Amino acid sequence: MILLQRLVALYHPIRTTLPRSMSNNNNNVIYDLYRGHPNMDMLPQPEMKQIMTALLKEDDDDGEDSWRKYLNYGANEGDHRLIDALRSFLRARTVDDDLGGTTGDDGDYSNTATDFFITTGVSHGLELLCSTLTSPGDEIWIERPTYFLCTKIFTNHGLTVKSLPMIQPGKIDIDHLVQMVERDGIQPPKMMYVIPSYHNPCGTSMSLEERKKLTSFAVKHNVLVVCDEVYHLLDFERGSISSRRPAGMVRFNKFALPMDQGGQETDDNTPRGCCISVSSFTKIFAPGVRLGWIEAPPFVIKRLARYGYINSQGGNAPFMGRILTHALESGLLDTYLDKLRLEYKERHEMMCRILQRDPRLDIYSINEPRGGGYFIWVGLGGVDANDFLYYSLDHFGVKFMAGQRCNPIPDEDDATSAAIGSCVRLCFADLNRNDLRKGVETFVKAYQSYLLTIEA
């Protein structure tokens, strides 16, 4: 039944002649399933109080590493104590991933040399990578659908945005990608942008084999793979299914070829890895801290540290970095993240149970062994999502993101665009639990009512 619905959505999106009202504004909204924010009551307010209290107890006897030091300029790549704490945190959280992680004596949990660069968030990381690794006119290939605000960052740098070949929304056709370049002679892009874990908006993750194949292609053709992994640690097992977290994409840099086998030489005469991870504390702690990181091969980090804008300002957010260092070293972030993952698991399961009351609604990630992130991507069985959004707002007060908002190349007239146009993104992080339950129940009622309207 689900496969049939997806095929219908691919080729025969249901259109209506209902007039579109101009009332799509917040005055109509009773339940907002659109906004991808954490709920205010779930933010780490007690944890921040503990951190600030502990820091203020420090005095001059603490020597050079007192919090006072961090009121000054910082190192270009970020404070080394913060980077060490972050590396240890990530190592502990990913040691049992599905690539079979091991920890070496050098502390490199990725089995491949990677370094860190502190940013003010994922968007800042994308901005810096575009500034230092691309030139106007370069091509960047991205998924459809994708994070709905990323495209403007790329086009502002003069990059040409093109679609990766897709099997269905959120699933790259890697075999076709290889054929395009190696058989058909299409020039590969300078960069690819992907969301490999708990995709925004689809909620799906690349399989281990898909990550290996994509990395192997990128290494062979010297393509940089920028991986938005902001949701990578915000995950949970689905029901009673036991599963392992997907390995972070930088771990696949071990497929980089030695130079005598065709690898590309870099500034420090080492093989060039292709995978770059951008992430942040936004989802796993709080958006307001405005702190994130890039993890990448050393040649990327060196280029970032030498960038004129970074040289001029002297590092990013050193004082906030000191606060997050304490959260990491004290274990407060670990404890908070575990609570957050449990809360989101329960919210996600509740939303899925309600949506499954109507079998015509297709939850794209329902068969994934692990869930994660903030969103559920729902197919409407061929119904035009934009038309349904206006109807839902006008008659039921439920707001959500219509699929086309997440389509970076909306003029592409193909099966993928048609499928995206019959899907919606629902957020389970923003509303409190009671409003979330009511909002999803009302969404289902709105969908059922809309079907009756267009069938009449």
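A. Expanded view of unusual backbone geometry. Residues R144 and P145 are joined by a peptide bond in cis, for which omega reads -10°. Structurally, the position occupied by P145 is in the loop between β3 (139-142) and α5 (150-156). Of note in this structure, N222 is not a glycine but carries a positive phi near 55°. With respect to the element layout, N222 can be found in the loop between α7 (208-220) and β8 (224-228). Positive phi, close to 45°, is recorded for A317, a residue that is not glycine. Mapped onto the fold, A317 is located in the loop between α9 (308-313) and α10 (318-330).

B. Layout of the sheet that holds strand β16 (residues 401-402). Pairing within the open sheet is antiparallel, and its four strands lie in the order β12-β14-β17-β16. The open sheet is flanked by β12 (362-363) and β16, the only strands paired with a single partner. Judged from the two bridges that link them, β16 and strand β17 (residues 423-427) form a sheet pairing that is antiparallel. Counted as the bridge partner of M401 is R425 from β17. Sheet strands in contact with helix α11 (residues 332-355) are β12, β14 (375-379) and β17, and its direction is about 15° off that of β14.

C. Examining helix α8 (residues 298-305) more closely. A large share of α8 lies buried, amounting to six of its eight residues. Three or more residues of α8 are buried, namely P298, F299, V300, I301, L304 and A305.

D. Seen up close, the sheet that holds strand β11 (residues 292-296). In spatial order, the strands read β2-β11-β10-β8-β7-β3-β4; together these seven strands make up an open sheet with mixed pairing. Unpaired on one side and paired on the other, β2 (115-119) and β4 (160-163) mark the two borders of the sheet. The average angle at which neighbouring strand axes cross in this sheet is 25°, direction not considered. Most of the contacts of α8 go to β2, to which it runs at about 35°, and overall it touches β2, β8, β10 (275-280) and β11.

Rules behind the numbers
Residues take numbers from 1 onward in each chain, read along the sequence in its written order. Given that the model is predicted, a residue must reach a pLDDT of at least 70 before its local features are reported, and side-chain atom pairs must reach 80 or more before they are shown or counted; all residues, however, enter totals for whole chains, interfaces and linings. To get the side-chain values, take all heavy atoms of the structure and skip hydrogens and water. Helix numbers and strand numbers start at the N terminus; a helix is a DSSP run of H or I with at least 4 residues, a strand a run of E with at least 2. Paired strands are those between which DSSP finds at least two bridges. Residue contacts are defined here by distance: any two heavy atoms, one from each residue, within 4.5 Å place the two residues in contact. Axes, fitted as lines to C-alpha atoms, cover a helix only where it is in contact. Angles between the N-to-C directions of the axes lie from 0 to 180 degrees. Under the scheme applied here, a residue whose accessible area is under 20% of the maximum for its type counts as buried, over 50% as exposed, and between as partly exposed, the area being computed with a 1.4 Å probe on protein chains only.

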